[in-house]
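# An overview of the molecular structure
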2 protein chains.
Amino acid sequence: MNKTQIKLIEAAEREFADRGFHGASVRDITTRAGTNVASINYHFGSKEELFLAMIRHRIEPINQERFELLEAALQEANGTPLEVRSLVEILIRPLVNSFSRGTNRKSFMRAMGRGMSEETQFTSILYKDVLGKLIKTFRYEFGRSMSDHPEELVDHCFAFLGSSISGVMHHRQKADNGHMRINFPDADHLINFVTGGIEAVVAATRP
Amino acid sequence: MNKTQIKLIEAAEREFADRGFHGASVRDITTRAGTNVASINYHFGSKEELFLAMIRHRIEPINQERFELLEAALQEANGTPLEVRSLVEILIRPLVNSFSRGTNRKSFMRAMGRGMSEETQFTSILYKDVLGKLIKTFRYEFGRSMSDHPEELVDHCFAFLGSSISGVMHHRQKADNGHMRINFPDADHLINFVTGGIEAVVAATRP
DNA sequence: AAAAAAATCAAACGTTTGTTTAAAAGCGAG
DNA sequence: CTCGCTTTTAAACAAACGTTTGATTTTTTT
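About the cut-offs
Position numbers for residues start from 1 in each chain and track the written sequence from start to end. Whichever chain is written first is A, and whichever ligand is written first is 1; the rest continue in order. Reporting in this predicted model follows two pLDDT cut-offs: at least 70 for local features of residues, and 80 or more for side-chain atom pairs to be given and counted; totals over whole chains, interfaces and linings ignore these cut-offs and use all residues. Computation of side-chain values covers all heavy atoms of the structure but excludes hydrogens and water. What counts as a salt bridge is simple: a side-chain nitrogen of Lys or Arg found within 4 Å of a carboxyl oxygen of Asp or Glu. Under the DSSP-based scheme used, a helix requires at least four consecutive residues in state H or I and a strand at least two consecutive residues in state E, with every element numbered from the N terminus. When a residue's accessible area, from a 1.4 Å probe over protein chains only, is under 20% of the maximum for its type it is buried; when over 50% it is exposed; and in between it is partly exposed. Least-squares superposition aligns the copies on the C-alpha atoms of those residues with pLDDT at or above 70 in both. Any two residues having at least one pair of non-hydrogen atoms within 4.5 Å are treated as being in contact. Being near a molecule or strand, for a residue, means having at least one of its heavy atoms within 4 Å of it. In protein, a polar contact means a hydrogen-donor-capable atom and an acceptor-capable atom, both N or O and within 3.5 Å, with residues adjacent in sequence counting only if both atoms are side-chain atoms; elsewhere, any N or O pair within 3.5 Å suffices. Ten residues, namely Ala, Val, Leu, Ile, Met, Phe, Trp, Tyr, Cys and Pro, are considered nonpolar, four, namely Asp, Glu, Lys and Arg, are considered charged, and the remaining ones, Gly among them, are considered polar. UniProt positions are given in the numbering used here, feature names are shortened, and annotations may be inferred rather than shown by experiment.

### With respect to the pattern of salt bridges
All names here are of chain A. Applying the stated criterion across every chain, the model contains 20 salt bridges over all chains. In this structure, Arg93 and Glu89 form a salt bridge, with 2.5 Å as the shortest nitrogen-oxygen distance. Within this pair, Arg93 and its partner Glu89 are both found in helix α5 (residues 84-97), separated by four residues, close to a single helical turn. On the accessibility criterion, Arg93 (25% relative accessible area) is partly exposed.

Written as structure tokens, this is what we have:
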């Protein structure tokens, strides 16, 4: 990955974060990157592939860390299912930690959050290509952790986890609407929220 | 509001839900509505104002119900702060209940969820114009309910509630990505999740 | 029934979109 | 220095965008 490609990806993060996928034009991106208009198509093939490359570039190290942590936890558990809290923690902590590493990681988060809820076309590509294995694996472990509950309830809880994560990714950096002033939350708060929420849902179904 | 305007709003719900604000063109919308291309500008002024009109048309009855429920609950509480669960319930139940009323309410939900995370320009208009009073009021009551906790923690919890709601609004109707199969959750599950989550966050801060 | 107002229509408006082209410039290796 | 390859560049591309126009039809008012 050469210098121009890096510049394009970093500019793309900012522009996609600020304007969304459709809202950011290739000219916006190349102007910010200081490159020619044609550079996106030359180096990545299309605007869409630039977006995907950007996502992969940032998310793959995070996902690798997640898989490593899961592996280690499963090893230690020695065959018994993990706690829900452990799974939640493994999914959230590497993500939130990456906020504080690097300058515009928050832009990337927002760009990914927006892009994934905005575009239907490559959302499915992304699921298959980048997130599919992660989702499948953790959904499976969730099923083991909640094995005495109906699959539908597991799905709901897993979905709640998903929206909480994507909710964090959507948040703006600055308090810009005058009503909600939000900083990126501590990983601990988010983990407590999701875990406590799931436990409450589970507790309510068996009276 | 005449017949053409209704047709346009309903078509807009579907198109904005499927393609997002920028992704759906005025020609997509008017074709689906069976009207002329110029009808959007004639009746609403612009594509953007059509979007806002669509949001208002659906969200205002919901918000009115929320305010009425809050009023009633405050009356009954007689000056004492409400439980967090009550506030969560008042915000969530009218929204989720509206899913089952009318044919394409789910499209509206998704359209609003997408539009609000996609567009920055009228997101702020929407906050000021449609959601501002609601957010302000419930944030204030949240503060009363959690009065022995720092404001920052209240903000975080309020934000968690917000992302959970907007997470529900983002969900697709069909299981379309092969990994996550999500139906719109019961109001009860969502309420339990958010309330339990907030309680867990609060509990963790005082050991 | 005539006049006034409102709504619809096909057509065209000027921009902006993502992408392509073909020539120019940069560059490492022999 | 030159060759072969990669990269950058300015220009142009067709297509799609939101919007406007002016004539025509429909509806309402008098």
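This is not the end of the story, as more comes after the structure.
### Some details on the relation of the copies chain A and chain B
Between chain A and chain B, which share one sequence, the superposing operator has a rotation angle of 180° and an axial displacement of 0.0 Å; the RMSD is 0.1 Å. These values place the two chain copies in the arrangement generated by a two-fold rotation axis. Across chain A, the rotation axis passes nearest the C-alpha of Gly197(A), at a separation of 1.9 Å. Both copies present the same face, since 100% of the interface residues in chain A are matched by interface residues at the equivalent positions in chain B.

### A few points about the protein's contact with DNA strand C
Around DNA strand C, the structure places 15 residues, and the nearest of them are Val26(A), Arg27(A), Lys47(A), Thr4(B) and His43(B). The side chain of Asn41(A) places a nitrogen or oxygen atom 3.2 Å from a sugar or linking oxygen of DNA strand C. Residue assignment for the surface near DNA strand C shows that the elements contributing at least two residues are α2 (26-33) of chain A together with α3 (39-44) of chain B. Here the residues of the surface near DNA strand C are counted per class, giving five nonpolar, seven polar and three charged.

### A closer look at the protein's contact with DNA strand D
As a matter of local geometry, DNA strand D sits amid 15 residues, with Thr4(A), His43(A), Val26(B), Arg27(B) and Lys47(B) nearest to it. Take Tyr42(A): an N or O atom from its side chain is 3.1 Å from a phosphate oxygen of DNA strand D. Of all the secondary structure elements, the ones that give two or more residues to the surface near DNA strand D are α3 (39-44) of chain A together with α2 (26-33) of chain B. Partitioned by chemical class, the residues of the surface near DNA strand D number five nonpolar, seven polar and three charged.

### A short note on the UniProt feature "DNA-binding region" (unreviewed entry) in chain A
Here, UniProt's "DNA-binding region" (unreviewed entry) annotation points to residues 25-44 of chain A. Taken as a whole, residues 25-44 of chain A contains 70% helix and 0% strand, while its terminal C-alpha atoms sit 15 Å from one another.

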